[in-house]
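# Commentary on secondary and tertiary structure
This is what each chain is made of:
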Amino acid sequence: VGRAGDRKNAPLKGRTAPMPALPPRPVAAVSPLASSPSWTNLTTATAPAKVSWASMTYDALDGYIVLFGGFSRLNIQPPDTWIFSNDRWVNITSSAGVPPTPRYGMGMTYDPVDSYVLAFGGGTAGTCGQGNAADCNDTWSFRGGRWTKLSPATAPAPTWGAGMTYDAADRY
């Protein structure tokens, strides 16, 4: 498994993805409230394409899981946005507004103070921003099923594959 900045395992421009794509079906769910937690296989009729390095988080306000992007074995980066709710996947790409450029390994988390999914960075098989950089450092929100590009005064350096989470103690 790759880590932030580890180009050895990253899909590179003009090459096929070096990592095997993970199958989108079946989905598994765990019931932690049971006396003995167990996984349940949730087979779905429709699912996102098989990709590696897709970004996913739970949107607590809207009550669904959000999935974006990834990298396929065929060197394709779909700019697709999917949601998982009520035991089914729904492709909402056509109604989600203008999404981030196609990418893999974008950091993504839910921000309960601002009530949106926050996404940052990611890598591309092409370019992202100034200087033909393959890594991105743009910031996005996903609220109510729509993407919005944010323009913070400062941002971390371009990166892909970075973990991202909300810090409830410090509220950011």
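So, here's what we can say about the structure. Given the structure is predicted, the values throughout are model-derived calculations rather than measurements.

## Describing the pairing of strand β9 (residues 135-143)
- For β9, the buried fraction is high: seven of the nine residues fall into the buried class.
- Sheet analysis places strand β8 (residues 116-123) next to β9, joined by six bridges and oriented antiparallel. Of the residues in β9, the one forming a bridge with F120 is T139.
- Pairing geometry for β9 and strand β10 (residues 146-150), over five bridges, is antiparallel. By the bridge assignment for β10, T139 is matched with L150.
- The antiparallel hairpin formed by β9 and β10 contains two residues in its connecting segment, where G144 sits at a positive phi of about 60 degrees.

## Looking at the packing of aromatic side chains
- For the coordinates displayed, the defined rule picks out seven aromatic pairs.
- Ring centres 4.6 Å apart and planes at 80 degrees place the aromatic pair W53 and W160 in the edge-to-face group. Taken as a pair, W53 in the loop between β2 (39-42) and β3 (55-59) and W160 in the segment after β10 lie far apart in primary sequence, 107 residues in all.
- On the basis of relative accessibility, which here comes to 17%, the residue W53 falls in the buried class.
- Given a relative accessible area of 0%, W160 falls into the buried group.
- Among the aromatic residues, ring-to-ring pairing joins W53, F71, Y104 and W160 into one connected group.

The rules we used
Residues numbered from 1 in each chain as written. Predicted model: local features only at pLDDT ≥ 70, side-chain atom pairs only at ≥ 80, totals over all residues. Heavy atoms only, no water. Buried < 20%, exposed > 50% of the residue type's maximum accessible area, 1.4 Å probe, protein only. Helix = DSSP H or I, 4+ residues; strand = E, 2+ residues; numbered from the N terminus. Pairing = 2+ DSSP bridges. Phe/Tyr/Trp six-rings, centres within 6.5 Å; stacked < 30°, edge-to-face > 60°.

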